[in-house]
Amino acid sequence: MNEIAEAKRRRTFAIISHPDAGKTTLTEKFLLYSGAVQEAGAVHAREGRRSARSDWMELEQQRGISISSTVMQFPYRDHIMNLLDTPGHRDFSEDTYRVLSAVDAVVMVLDAAKGIESQTLKLFQVCRSRNLPVITFLNKYDRPGREPFELLDEIEKQIQLRPTPVTWPVGDGEEFQGLIDRRTGRYTRFTRTARGASAAAEETIDLDLASAAGLSEYGKAWKAALDECDLLDAIGADVDLSSFLAGESTPVFVGSALTNFGVRLLLDAVIDLAPSPSPRFDRKDEPRQLDSPFSAFVFKVQANMDPSHRDRIAFARVCSGRFERGMSVTNHRTGRDITTKYATTAFGPDRETVDEAFPGDVVGLVNASGVQLGDTLYDAGYAGLAVEFPPIPRFSPEVFAKARPLDNGRFKQFRKGLEQLDEEGVVQVLRDPDFGDTETILAAVGELQFEVFAYRLGSEFGAPTEILSAPYQAIRLTDKESSERLRRIGGIRILTRGDGALVALFENRYRLQRLESDEPELTLLPIIAG
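Model, not experiment: these values are computed from the prediction.

**Q** Which parts of the structure should I look at to understand a negative patch on the surface?
**A** A surface patch of negative charge is lined by Glu147, Asp172, Glu174 and Glu175. Here Glu175 shows up in the loop between strand 9 (167-170) and strand 10 (178-181). Taking the relative accessible area as the measure of exposure, Glu175 reaches 51% and is therefore exposed.

Structure follows, in structure tokens:
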């Protein structure tokens, strides 16, 4: 089978947004319009099987936020869609960063009443660093919001992307009636459905034919929409594919994920505009051609997605060649071969055995021995060709805490939980060789990560855990020689990270600055996401 032809059928993309902008709702509506689910709000992978949600973790459903990124694959218009739903909360930005290393394009969701919010801006900066094309969706247009031209101006000023509206609203809030497609000159009128649980009924007609009915039916709203479209035409705000792919412009769509207005047009745009997989560059900055022997990189490790199995899944983005279940692949980091007998596609927490996959697809390797975040895998057969992709950088932790089991009789479960959650790479587990797991320090990007960590230790591993504040303000990577000197200075603690690296924790960041200035020979390297 031709890997290049199969890759052209793939669209691998992420949805990013500020919390509460409607990202998870849009994810579920994409599944609704693709036919992957029959009713929005619950994702049914197969008829008769248990329901699942894109927010699969129990705590996510309790808190109403996305905590962990979710991978879902579904067919649409003779294409294979690989959709990666990401956390929006800033405390989970590291997970989002890793997901963005595995996609070819991004759908950015903005709340039409709020525009670009702080976390949206931060996530977009990550997109820019990875040269990802961005499609923008102005969501919640069925509610009172800001003027669309004001939002377009904000996009251009704050993220330096030239907005090129594809669809334009007729009316807003409760008077939101439909959308004008500026590319085709056609108008789509929508009918609301109960709670948006089913696809919105659509009536699409030519703009000329709609005008007569529109002027009498919608009055000022219709005339305003036509005048605004004329203005957009006059300034040349039309979709330009080359500038979009270059990260210079963003096609803009308008709608409401909750009521399904404009969802189908947006989903179509992912196929029509977003790029298919292209050759990925390795550590030597050379492109790995799509029809080269199989290769992939691991961008996410997740424990206990299915509580009944208590297993561990390494999610790998296929970069080249054809993946076949059962094939032997080499882990570049360890040099060891592993088998892929237990390979799955993902649909939220539900799984289905995958027999083959192509560039752009995401494969879940269940209980793959020794596979860690950032590993490169490649075909180990006689036709295999070794490759190593750039590692996935880690974010520098900003907050620190102590973790200890509430029940010493559950210490074995506590230790197992620490090991498995540490492998996910979101919260770093730091240990003092002299104390072991009895004095464990956690390091993370945000405080909410600790709440999730403790919750999962209790619910998934049966080890109720107490999280206590720790008096540290900064962290640096160090080495054995420097650590001997640092240990003799007060307010500094030397610990070992899960990957064996030595780290120095500082109770006072000014002491760190003083040391860096007075003793530059010491190894004190910041942890940065490159």
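Still to come is the rest of the account.
**Q** Would you take a moment to explain the pairing of strand 31 (residues 492-497) for this structure?
**A** Every regular strand shows the same layout, with side chains that alternate between the two sheet faces. Of all 6 residues in strand 31, 5 are buried; the element is thus mostly enclosed. Two elements, strand 27 (residues 428-432) and strand 31, share 2 bridges in a ladder whose sense is antiparallel. Within the sheet, the bridge partner assigned to Leu430 lies in strand 31 and is Arg497. As paired elements, strand 31 and strand 32 (residues 502-506) share 5 bridges and run antiparallel to each other. Within the sheet, the bridge partner assigned to Arg493 lies in strand 32 and is Leu505.

**Q** Is there a simple way to explain the nonpolar core in this structure?
**A** One broad rule of soluble globular proteins: the nonpolar side chains tend to lie buried together. One finds Leu26, Phe30, Leu84, Leu100, Val107 and Phe299 to be the most contacted residues of the largest nonpolar core, which totals 90 residues. Among the elements that take part in this core, helix 10 (residues 263-273) stands out by supplying 8 residues, more than any other. Not counting residues up to four positions away in its chain, the partners in contact with Val107 are Phe13, Ala14, Ile15, Ile16, Leu26, Ile135, Phe137, Leu266 and Val270. One finds Phe294, Phe323, Val329 and Ala357 within the second-largest nonpolar core, a separate group that totals 19 residues.

**Q** I tried to follow the pattern of salt bridges on my own but got confused; where do I start?
**A** In a structure, side chains of opposite charge can pair up when their charged atoms sit close to one another. For the structure on display, the rule yields 32 salt bridges. Between Glu466 and Arg404 there is a salt bridge, with its nearest N and O atoms 2.8 Å apart. Of the two residues, Glu466 is situated in strand 29 (residues 465-469) and Arg404 in strand 26 (residues 399-405); the sequence distance between them amounts to 62 residues. Between Arg485 and Glu519 there is a salt bridge, with the nearest N and O atoms lying 2.7 Å from each other. Of the two residues, Arg485 is situated in helix 13 (residues 480-486) and Glu519 in the segment after helix 14 (509-518); the sequence distance between them amounts to 34 residues. Taken together, the shared-partner salt bridges in this structure form one network comprising Glu6, Arg9, Arg10, Asp78 and Asp361.

**Q** Looking at this structure, I do not really get helix 8 (residues 220-234). What am I missing?
**A** One turn of the α-helix equals 3.6 residues, which is why residues spaced by three or four share an orientation. Between its terminal C-alpha atoms helix 8 stretches 21 Å, which fits the 21 Å expected from 15 residues at 1.5 Å a residue. Among the residues of helix 8, Trp222, Ala225, Glu228, Cys229 and Leu232 are the ones counted as buried. Across the axial projection of helix 8, the buried residues extend over an arc of 130°, all falling on one side. In helix 8, the exposed positions angled more than 90 degrees off the buried face are occupied by Lys220 and Ala234. Among the residues trailing helix 8, Gly236 stands out with phi positive, at a value near 70°.

**Q** Hey, could you run me through the sheet that holds strand 9 in this one?
**A** Strands belonging to one sheet form pairs held by backbone hydrogen bonds; the direction of such a pair is parallel or antiparallel. Ordered in space as 9-10-11-12, the 4 strands form an open sheet in which the pairing is antiparallel. This sheet does not close on itself; its edge strands, each paired only once, are strand 9 and strand 12 (201-206). Mean inter-strand twist for the sheet, computed between neighbouring axes without regard to direction, equals 25°. Examined bridge by bridge, strand 9 and strand 10 share 4 bridges and lie antiparallel to one another. Bridge pairing in strand 10 places Thr167 opposite Asp181.

**Q** When you look at the confidence of the model for the protein chain in this model, what are you seeing that I'm missing?
**A** This prediction gives the protein chain a mean pLDDT of 85; 87% of its residues lie at or above 70. Every residue in residues 41-56 is under pLDDT 50, and counting partners more than four places away or in other chains gives 54 contacts. Confidence drops under a pLDDT of 50 for residues 64-68, and excluding neighbours within four residues, the segment shows 26 contacts in the predicted structure.

**Q** How should unusual backbone geometry be read in this particular structure?
**A** Trans peptide bonds make up the majority, and among non-glycine residues the majority have a negative phi. In this model, Asn131 sits at a positive phi of 55°, which is unusual for a non-glycine residue. Secondary-structure assignment places Asn131 in the loop between helix 5 (118-129) and strand 7 (134-139). The backbone of Gln160 sits at a positive phi, close to 55°, despite the residue not being glycine. Given the relative accessible area of 48%, Gln160 is considered partly exposed.

The rules behind these values
Residues numbered from 1 in each chain as written. Predicted model: local features only at pLDDT ≥ 70, side-chain atom pairs only at ≥ 80, totals over all residues. Heavy atoms only, no water. Patch = residues over 30% accessible without salt bridge, like charges linked within 9 Å, V, L, I, M, F, W, Y side chains within 5 Å. Areas by Shrake-Rupley, 256 points an atom, 1.4 Å probe, with all protein chains shown as cover. Salt bridge = Lys/Arg side-chain N within 4 Å of Asp/Glu carboxyl O. Lys, Arg positive; Asp, Glu negative; His and termini not counted. Charge placed at Lys NZ, Arg CZ, Asp CG, Glu CD. Helix = DSSP H or I, 4+ residues; strand = E, 2+ residues; numbered from the N terminus. Buried < 20%, exposed > 50% of the residue type's maximum accessible area, 1.4 Å probe, protein only. Pairing = 2+ DSSP bridges. Core = buried A, V, L, I, M, F, W, Y, C linked by side-chain atoms within 4.5 Å. Contact = heavy atoms within 4.5 Å. Expected span 1.5 Å × (residues − 1). Arc of directions from axis to C-beta. Axes fitted to C-alpha atoms, helices over the stretch in contact; angles between N-to-C directions. pLDDT = per-residue confidence, 0-100.

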